[in-house]
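Analysis of the macromolecular model
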Number of protein chains: 2
Amino acid sequence: MRFLHTADWHIGKKLHGYDLLEEQVDAFGQILTIAKDEKVDAIVVAGDLYDRSVPSVEAIEVFNRMIIEMNLQEKFPVLAISGNHDSSTRLETGGPWFIQSDFYLNTRLDQAFQPVEMQNTQFFLLPYFEPISARIYFDNEDIRTIEQAMKEVIIEMKQQFKPNMAHVLVSHFFVAGSEKSDSETKLMVGGLDTVPLSLLESFDYVALGHLHGKNALQAENARYSGSPLKFSLSEMNQKKGVWIVDTQVSDTTFEFKEIKPLRDVTQIEGSFKQLIAPDYYEAINREDYLHIQLTDRAVIPNMMNQLRQIYPRVIGVERLYGREEQQKKTENKKEIKALAPTELVDQFFSEVTGERLTKQQEDWIKENLAEIHQAERGQ
Amino acid sequence: MRFLHTADWHIGKKLHGYDLLEEQVDAFGQILTIAKDEKVDAIVVAGDLYDRSVPSVEAIEVFNRMIIEMNLQEKFPVLAISGNHDSSTRLETGGPWFIQSDFYLNTRLDQAFQPVEMQNTQFFLLPYFEPISARIYFDNEDIRTIEQAMKEVIIEMKQQFKPNMAHVLVSHFFVAGSEKSDSETKLMVGGLDTVPLSLLESFDYVALGHLHGKNALQAENARYSGSPLKFSLSEMNQKKGVWIVDTQVSDTTFEFKEIKPLRDVTQIEGSFKQLIAPDYYEAINREDYLHIQLTDRAVIPNMMNQLRQIYPRVIGVERLYGREEQQKKTENKKEIKALAPTELVDQFFSEVTGERLTKQQEDWIKENLAEIHQAERGQ
């Protein structure tokens, strides 16, 4: 059969404070289009549907609309698991009803041992779990690591294997030897939390979630789909998308299909003067999430405000060659005492932010200092 | 047709810090038993399924099990709405799939105008809503109150009325003239948030939720089911249960079926000496949630601990005849200054709590005061 493999939707995720819901809805639309164009028989989602265990109401609204469209309107069978960012119990609500329309959303370890069979393929949907769950399920106190747990899990799964079918594992963990980027914040790389690739060799395909780069793992029979969007600057150069997988009993092939972001996460470099020149910024996509590398060393008054007026989604500014020393470096206490209150604030602001106060800010400070002064006299 | 009317489950609610989940599961079991014994065709739940908009994981687990049992295992059609304690969006997940097995869970105003038809009856499931939702839905800026909104709501519902059927409204609000108890904390009594009974006269039966007493409203065609459990001391004397309603096109009848609480909320009265006597407490149900009315006036050392050893679920202690003045009433500053630090703490404790320090508490204080004293000298 032919299926689409995606993962790590992280619905509700923010990027440096910016809400990504619009981008997530857009990427989801592209996933659906790919699924239709490629005429897949099912959509696999390998965990981390939400970004947090208690998602916001807005994130839930988006998720609800997505699964309705995917499963009830477009009639795609859906094979999904919860990831480490999801609350398994919160995600569980509705699960037994979803099955009526071939939407399988596994959130508990015990569900992983009843494969979903479609056409020529058995799907084992293994949600993210902690070793404690395996200790309880297998009644085995010796299970301390995910690797130990996975050995038992796979033994039990293999008892369900039908020889004339392809076997697909859908799971959400870190496979030893994979490479990570910056946006998988809770991940422990290597060590006790990893699963060796050799453990997974019985499967024709392992549809993985957890790592956000599609190339994190290079294996014959296992792939991370990666996230549908870039979730950090470290993913700047990654191509995002989904795998289209064809399972045959003896041979499984997969192909990558790209998703074009509504707004990219990228980087620009130049002097402040260059960056605020219309010739420059009109030629690039300034709606993107931009990390700005400034070549200037001079202090630039009101820099962030000026940049944000042109680039509405600045996720960071870096001074490539450092910043000039402040004109006045006041380490002498006497000198500080000699300053007027407004000058003192100006100096402090400039030392901390590298910018000078604007006229408006200065007026606001004067006004408020006067008020405080008055209040003090009133006491 | 014949249906069971319940409401205000408030799953996850705590009573004076005590978790009520066990009692809620027990009451739910009784509701199911009544539904089976009475051979009802459907179960109506008129809002406030959860106690809070973001329920705990434990509350969600209980809720998930309940709806699975009620709808998927026992095959009861369920007609439910969200109440003011529920988050409509959080409760909405799964809704479109629930319908496949006749589980209707309405959370949005617009859903209220597509009646669910079963046998001879049209059910209008109107979730709790704010006037702003009606302003948007009806595109009418003049709607400021629930009463104004309900006028429009009912006009639109009546357009869907089929003349040869009975018409049932399921809703969650305050009907003018009802009586309230203490556990509906967020309720504004009377005024702009109420709906006059006269507005509801077109319905053969109005299955209400919001108020926790079954007798809160005495009307020919409208009833609060009340909560399945007592949620406050003010509900001490209420009988809890559900209505069994029979709708005929021209005549609707209803009958109350009681739920016996796993642990009651009640009150006992006596002197401390009486209450701690085995002859007394062995004759009563001391596992109940108890409000204790003490007839003593004397200070009783370590009173709460002693009571809780016998009565594990004390929800309050009241001194029916007040409390004796403290032996030493130290209002004179000089006198206070003359006290040793331990005496000072003892006196303060006794004034605040009405109890004297136990030997153990006194030792602990002495020990700690000595330590503080030492630390001070060390500085």
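Residue positions are given per chain, counting from 1 as you read along its sequence in written order. To label them, take the chains in the order written and letter them from A, then take the ligands in the order written and number them from 1. Two thresholds apply to this predicted model, a pLDDT of at least 70 for residue-level local features and 80 or more for giving and counting side-chain atom pairs, whereas whole-chain, interface and lining totals are computed over all residues. Side-chain descriptors were evaluated using all non-hydrogen atoms of the structure, hydrogens and water having been removed beforehand.

Under the annotation held in an unreviewed UniProt entry, chain A carries the name Nuclease SbcCD subunit D and is attributed to Candidatus Enterococcus ikei. UniProt positions are given in the numbering used here, feature names are shortened, and annotations may be inferred rather than shown by experiment. Check the Function (unreviewed entry) section of the UniProt entry for chain A; it says "SbcCD cleaves DNA hairpin structures. These structures can inhibit DNA replication and are intermediates in certain DNA recombination reactions. The complex acts as a 3'->5' double strand exonuclease that can open hairpins. It also has a 5' single-strand endonuclease activity."

**Notes on helix H2 (residues 57-73) of chain B**
Residues and elements named next belong to chain B. Given a rise of 1.5 Å per residue, 17 residues ought to cover 24 Å, and the 22 Å separating the end C-alpha atoms of H2 matches this to within 8%. With a 1.4 Å probe rolled over the protein chains alone, any residue whose accessible area is under 20% of its type maximum counts as buried; one over 50% counts as exposed, and the rest are partly exposed. Put simply, DSSP marks the helices as runs of H or I at least four residues long and the strands as runs of E at least two long, and each gets a number from the N terminus on. Taken together, the buried positions of H2 are occupied by Ala 59, Ile 60, Val 62, Phe 63, Asn 64, Met 66, Ile 67, Met 70 and Asn 71. Taken from the residues just after H2, Lys 75 is the one with a positive phi, measuring 65°. A helix is expected to reach a length of 1.5 Å times the quantity of its residues less one.

**Some points on the pattern of salt bridges**
Residue and element names in this part refer to chain A. Any Lys or Arg side-chain nitrogen found within 4 Å of a carboxyl oxygen on Asp or Glu counts as a salt bridge. One pass over the structure, following the stated rule, counts 40 salt bridges over all chains. Linking Glu 38 and Lys 257 is a salt bridge whose minimum nitrogen-to-oxygen distance equals 3.3 Å. You can see Glu 38 sitting in the loop between helix H1 (21-37) and strand E4 (42-46) and its partner Lys 257 sitting in strand E15 (residues 252-258), a full 219 residues away along the chain. Judged by relative accessible area, which is 16%, Glu 38 ranks as buried. Linked by salt bridges that have partners in common, Arg 2, Glu 38, Asp 246, Glu 255 and Lys 257 make up one network.

**Quick look at the packing of H1 of chain A against helix H2 (residues 57-73) of chain A**
Residue and element names in this part refer to chain A. Here H1 crosses H2 at 10°, and the two axes come no closer than 11 Å. Taken together, the axes of H1 and H2 are roughly parallel relative to one another. Residues Leu 21, Gln 24, Val 25, Phe 28 and Leu 32 of H1 form the contact with H2, whose own contacting residues are Glu 58, Ala 59, Val 62, Met 66, Glu 69 and Met 70. Lines fitted to the C-alpha atoms define the axes, with helices restricted to the stretch that makes contact. Angles between their N-to-C directions range from 0 to 180 degrees. Comment on the angle field: the value is read as roughly parallel under 35 degrees, roughly antiparallel over 145, roughly perpendicular from 65 to 115, and oblique elsewhere. By definition, residues are in contact when any of their heavy atoms lie within 4.5 Å.

**Things to note about the pairing of strand E6 (residues 103-106) of chain B**
All names here are of chain B. Along E6, one buried face is formed by Phe 103 and Leu 105 and the opposite face, lined by Tyr 104 and Asn 106, is buried too. In this scheme, strands are said to pair when DSSP sees at least two bridges between them. Sheet topology places strand E5 (residues 78-81) next to E6; four bridges connect them, and they run parallel. Residue pairing across strands places Ile 81 opposite Asn 106, the latter belonging to E6.

**Comments concerning the packing of aromatic side chains**
Within 6.5 Å between ring centres, the rings of Phe, Tyr and Trp (the latter by its six-membered ring) count as paired, and their orientation is classed by plane angle as stacked under 30 degrees, edge-to-face over 60, tilted in between. What the rule picks out here adds up to 36 aromatic pairs over all chains. Between Phe 124 of chain B and Phe 203 of chain B, the ring centres sit 6.2 Å apart and the planes meet at 70°, which makes this aromatic pair edge-to-face. Of this pair, Phe 124 of chain B sits in strand E8 (residues 121-125) while Phe 203 of chain B sits in the loop between strand E11 (194-195) and strand E12 (205-209); the two residues are 79 residues apart in sequence, bridging distant segments of the chain. Phe 203 of chain B matches Phe 124 of chain B in its accessibility class, with the two residues each being buried. With a centroid separation of 4.9 Å and 90° between ring planes, the pair formed by Tyr 137 of chain B and Phe 138 of chain B is classed as edge-to-face. An aromatic cluster of three or more residues is present, and its members are Phe 3, Phe 123, Tyr 205, Trp 243, Phe 254 and Phe 256 of chain A. By definition, being over a ring means that NZ of Lys or CZ of Arg is both within 6 Å of the ring centre and within 35 degrees of the ring normal. Between the NZ or CZ atom of Lys 214 of chain B and the centre of the ring of Phe 256 of chain B, over which it lies, the distance is 4.6 Å. Its end group placed over the ring of Tyr 289 of chain B, Arg 313 of chain B keeps NZ or CZ at 5.9 Å from the ring centre.

**Digging into the pairing of strand E14 (residues 241-247) of chain A**
All names here are of chain A. Counting buried positions along E14 yields seven of seven residues, so the element is predominantly enclosed. The sheet contact formed by E14 and E15 spans seven bridges and is antiparallel. Pairing of Thr 247 across the sheet is with Thr 252, part of E15. Between the antiparallel neighbours E14 and E15 lie four residues.

**Comments concerning the interface of chain A and chain B**
Counting residues at the interface gives 23 residues for chain A and 23 residues for chain B. The term buried area refers to how much accessible surface (probe radius 1.4 Å) is lost by two components on association, counted for both of them together. Taken together, the two surfaces of chain A and chain B that pack against each other cover about 1900 Å², and 67% of this comes from carbon and sulfur. On inspection of chain A and its partner chain B, the count reaches zero salt bridges. Pairs of N or O atoms within 3.5 Å make up the polar contacts considered here, provided that, within protein, one atom can donate a hydrogen while the other can accept it, and that residues adjacent in sequence are counted only when both atoms are side-chain atoms. In this assembly, chain A and chain B are joined by 10 residue pairs in polar contact (both at pLDDT 80 or more). Put simply, the parts of the chain that give the side of chain A that touches chain B at least two residues each are H2, helix H3 (88-92) and helix H4 (95-98) of chain A. The dominant element in the side of chain A that touches chain B, judged by the number of residues it contributes, is H2 of chain A, at eight residues. Each residue is assigned to one of three groups, with Ala, Val, Leu, Ile, Met, Phe, Trp, Tyr, Cys and Pro labelled nonpolar, Asp, Glu, Lys and Arg labelled charged, and all others, Gly among them, labelled polar. Residues that form the side of chain A that touches chain B fall into these classes: 11 nonpolar, nine polar and three charged.

**Section: the sheet that holds E4 of chain A**
All names here are of chain A. Pairing is mixed across the open sheet formed by six strands, whose spatial order is E6-E5-E4-E1-E14-E15. The sheet terminates laterally at strand E6 (103-106) and E15, the two strands that pair on one side only. Between one strand axis and the next, the sheet turns by 20° as a mean value, whatever way the strands run. Examined bridge by bridge, strand E1 (residues 2-6) and E14 share four bridges and lie antiparallel to one another. Bridge pairing in E14 links His 5 to Trp 243. Sheet contacts for H1: E1, E4, E14 and E15; angle to E1, the most-contacted strand, approximately 165°.

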